[in-house]
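# Structural description and commentary
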Amino acid sequence: VESNLEPSKFSKAVGVFPRTLELLENHGISEEMVRCGVRVRGINIYADQRRLAHIDTSLIESRYNFVLLLEQSETERILIGRLDQLGVQVQWGTRLTGLENQPHHVAVKLERQGQPQETSTFEWVVGCDGARS
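Here is what the cut-offs are and how they apply
- Residues numbered from 1 in each chain as written.
- Predicted model: local features only at pLDDT ≥ 70, side-chain atom pairs only at ≥ 80, totals over all residues.
- Heavy atoms only, no water.
- Helix = DSSP H or I, 4+ residues; strand = E, 2+ residues; numbered from the N terminus.
- Contact = heavy atoms within 4.5 Å.
- Areas by Shrake-Rupley, 256 points an atom, 1.4 Å probe, with all protein chains shown as cover.
- Lys, Arg positive; Asp, Glu negative; His and termini not counted.
- Charge placed at Lys NZ, Arg CZ, Asp CG, Glu CD.
- Salt bridge = Lys/Arg side-chain N within 4 Å of Asp/Glu carboxyl O.
- Buried < 20%, exposed > 50% of the residue type's maximum accessible area, 1.4 Å probe, protein only.
- Pairing = 2+ DSSP bridges.
- Expected span 1.5 Å × (residues − 1).

A separate point is the overall build of the protein chain. Summing up its helical and strand segments, the protein chain has three helices and eight strands in all. Helices and strands appear in the protein chain in the N-to-C order β-α-α-β-β-β-β-α-β-β-β. Across its three principal directions, the C-alpha atoms of the protein chain cover 55 × 35 × 30 Å. Here the analysis covers contacts within the protein chain between residues at least 6 apart in sequence; of these, 52% occur between residues at least 24 apart. With the model as given, the accessible surface of the protein chain reaches about 10,100 Å², and the carbon-plus-sulfur share is 50%. Between the averaged position of the 15 positive side-chain charges in the protein chain and that of its 18 negative side-chain charges there is a distance of 4 Å.

Evaluation of the coordinates by the stated rule reveals eight salt bridges. The salt bridge involving Glu74 is made with Arg77; its shortest N-O contact spans 3.0 Å. Remark: Arg77 and Glu74 occur in helix α3 (residues 72-85); sequence separation between them is three residues, near one turn of the helix. On the accessibility criterion, Arg77 (38% relative accessible area) is partly exposed.

With that settled, consider the sheet that holds strand β2 (residues 38-40). Pairing in this open sheet of three strands is antiparallel, and the strands run β1-β5-β2 from one edge to the other. The open sheet is flanked by β1 (15-16) and β2, the only strands paired with a single partner. Pairing analysis gives two bridges linking β1 to strand β5 (residues 67-69), with the strands arranged antiparallel. For Val16, the partnering residue across the bridge sits in β5 and is Leu68.

Attention now goes to the pairing of strand β4 (residues 50-56). Examined bridge by bridge, strand β3 (residues 42-47) and β4 share six bridges and lie antiparallel to one another. Residue pairing across strands places Gly42 opposite Asp56, the latter belonging to β4. Between the end of β3 and the start of β4, which pair antiparallel, lie two residues, with Asp48 showing a positive phi angle near 50°.

Positive phi values are uncommon outside glycine, yet Asp48 reaches one of about 50°. Mapped onto the elements, Asp48 comes out in the loop between β3 and β4. The exposed category is assigned to Asp48, whose relative accessible area is 79%. Of note, Gln49 is a non-glycine position whose phi angle comes to about 60°, a positive value. Of note, Gln49 is situated in the loop between β3 and β4.

If you check α3, its first and last C-alpha atoms are 20 Å apart, about what 14 residues at 1.5 Å a residue would give, namely 20 Å. Every buried residue of α3 is listed here: Gln72, Ser73, Thr75 and Ile78. Residues of α3 that are buried make contact with β1 and α2 (30-36). Phi turns positive, to about 80°, at Gly87, one or two residues after α3.

So, in structure tokens, the structure goes:
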């Protein structure tokens, strides 16, 4: 479910870190993300025109030993495409307003624009709700 009415056309986030790529690899997504993004092998941090630090991302112990620069809109496009391949449709304009863990499922309350609140059950729920949730 997604409370926005459509995918974002703007990028609020651009960095994808190695552990995220490792986890998404299990879902067949990492390869396309890496193909579409830019690998960053080093990061410099400056203040008042003076370098404070250098981070060598090639030292990260991962097959993804880099930070991947990829616009949020591209990340969303890839994720939505994979969901579509799996037969899952994003429910746009839908907010999750409640969640209750039960012994064998999760009960969630959903609110769709112009419709009464409904309760649905799922085996599991993953929250990917970002900074303003």
